[in-house]
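# Report on the structure
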Amino acid sequence: SDAAVYWFGLRFKDNAAASSLVEYCRLEDGYATNVDEEDGRGGLVYLKDYGQLQLRSSILTYEGGTVFAGGIIYCENSGLELMNSVLLDGMSIYGGASIGLVASSPVIRFCSWDNHYFTDGSISCDQDSDPLIQGCINFSSGGHDFVLADGASVPIVEYSHLLTAYPGEGNIQGPAYS
């Protein structure tokens with residue numbers, strides 16, 4: 001990590017008892033393209049073995065790219081509550097252009113996504129990641145599923161407007177605008 005050239009976003013790690021609140025912020029232009037684990041994940045927010053992060057009423061714009069997963073947010077074995085936020089321009093090579101989850105089950109409510117690019121879903125769920133996604137809107141999907149989950153993960157998506165079909169109560173499929 002060369003802080004003189006890039007910034008690697010906010011890093012929350014190695015404190016299972018910690019709790020933080022990030023509210024009314026604009027985070028942008030992070031850069032996570034190194035091949036090592038941490039610097040290749042979470043362009044704007046990286047959580048690993050961390051208690052609880054509440055991220056609310058914020059705009060997260062990531063115009064870089066990640067080597068691995070979680071173009072905007074990477075969350076592993078951590079608590080996350082994401083509410084009333086906008087996620088723009090996420091990109092990853094592996095999965096989770098916007099959010100990459102590993103052994104984490106965040107609550108995501110009233111958020112919107114646009115202009116994200118990925119190989120394996122805007123939200124990637126691995127190793128028993130069971131996010132609750134409610135009242136969210138996906139404006140573009142790059143032609144792929146919005147949520148991709150491995151066999152051990154069971155995302156719950158309710159009352160959301162997604163471009164691609166996703167089972168769940170009250171979901172709408174199709175363009176969010178014309």
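Residues numbered from 1 in each chain as written. Predicted model: local features only at pLDDT ≥ 70, side-chain atom pairs only at ≥ 80, totals over all residues. Heavy atoms only, no water.

Further remarks concern the pattern of salt bridges. Counted by the stated rule, this structure contains two salt bridges. When the shortest N-O distance is used, the salt bridge between Glu28 and Arg26 registers 2.8 Å. For Arg26, a relative accessible area of 53% translates into the label exposed. (Salt bridge = Lys/Arg side-chain N within 4 Å of Asp/Glu carboxyl O. Buried < 20%, exposed > 50% of the residue type's maximum accessible area, 1.4 Å probe, protein only.)

What follows deals with the packing of aromatic side chains. Summed over all chains, the structure comprises two aromatic pairs. Here the aromatic rings of Phe12 and Tyr50 are separated by 5.3 Å at their centres, their planes lie at 55°, and the arrangement is tilted. Remark: Tyr50 occurs in strand E3 (residues 45–56) and Phe12 occurs in strand E1 (residues 10–23); sequence separation between them is 38 residues. We classify Phe12 as buried; its relative accessible area is 13%. Looking at Tyr50, the relative accessible area reads 8%, which means it is buried. Relative to Tyr74, the ring of Tyr46 has its centre 5.7 Å away and its plane inclined at 15°; by these criteria the two rings are stacked. One end of the pair, Tyr46, is in strand E3; the other, Tyr74, is in strand E5 (residues 73–76), and 28 residues separate them in sequence. The pair formed by Tyr46 and Tyr74 is uniform in burial state, with each residue classed as buried. (Phe/Tyr/Trp six-rings, centres within 6.5 Å; stacked < 30°, edge-to-face > 60°. Helix = DSSP H or I, 4+ residues; strand = E, 2+ residues; numbered from the N terminus.)

Here we take up the confidence of the model for the chain. Note: predicted coordinates in regions of low pLDDT should not be interpreted at a detailed level. The pLDDT averaged across the chain works out to 83; a share of 80% of its residues lies at or above 70. Per-element confidence in the chain ranges from a low mean pLDDT of 68 for strand E17 (residues 172–173) to a high of 98 for strand E6 (residues 79–83). (pLDDT = per-residue confidence, 0-100.)

Core analysis: the biggest nonpolar cluster contains 32 residues, and Val45, Leu47, Ile73, Ile99, Ile108, Trp113 and Ile123 have the highest contact counts within it. Secondary structure elements with two or more residues in this core: E1, E3, E5, E6, strand E8 (99–102) and strand E11 (123–126). Those residues in contact with Ile108 that sit more than four places away from it in its chain are Leu82, Ile99, Trp113, Ile123, Leu132, Ile133, Gln134 and Cys136. (Core = buried A, V, L, I, M, F, W, Y, C linked by side-chain atoms within 4.5 Å. Contact = heavy atoms within 4.5 Å.)

Turning next to the environment of Ala32. Along the chain, Ala32 falls in the loop between strand E2 (26–28) and E3. Residue classification places Ala32 among the buried residues on the basis of a relative accessible area of 0%. The spacing of Ala32 and Gly43 is eleven residues in sequence and 4.9 Å in space, taken between C-alpha atoms.

In this structure, Asn84 is a non-glycine residue whose phi angle is positive, near 50°. By secondary structure assignment, the location of Asn84 is in the loop between E6 and strand E7 (86–88). With relative accessibility at 41%, the residue Asn84 sits in the partly exposed group. Even without being a glycine, Phe110 presents a positive backbone phi close to 55°. Within the fold, Phe110 resides in the loop between strand E9 (107–109) and strand E10 (112–114).

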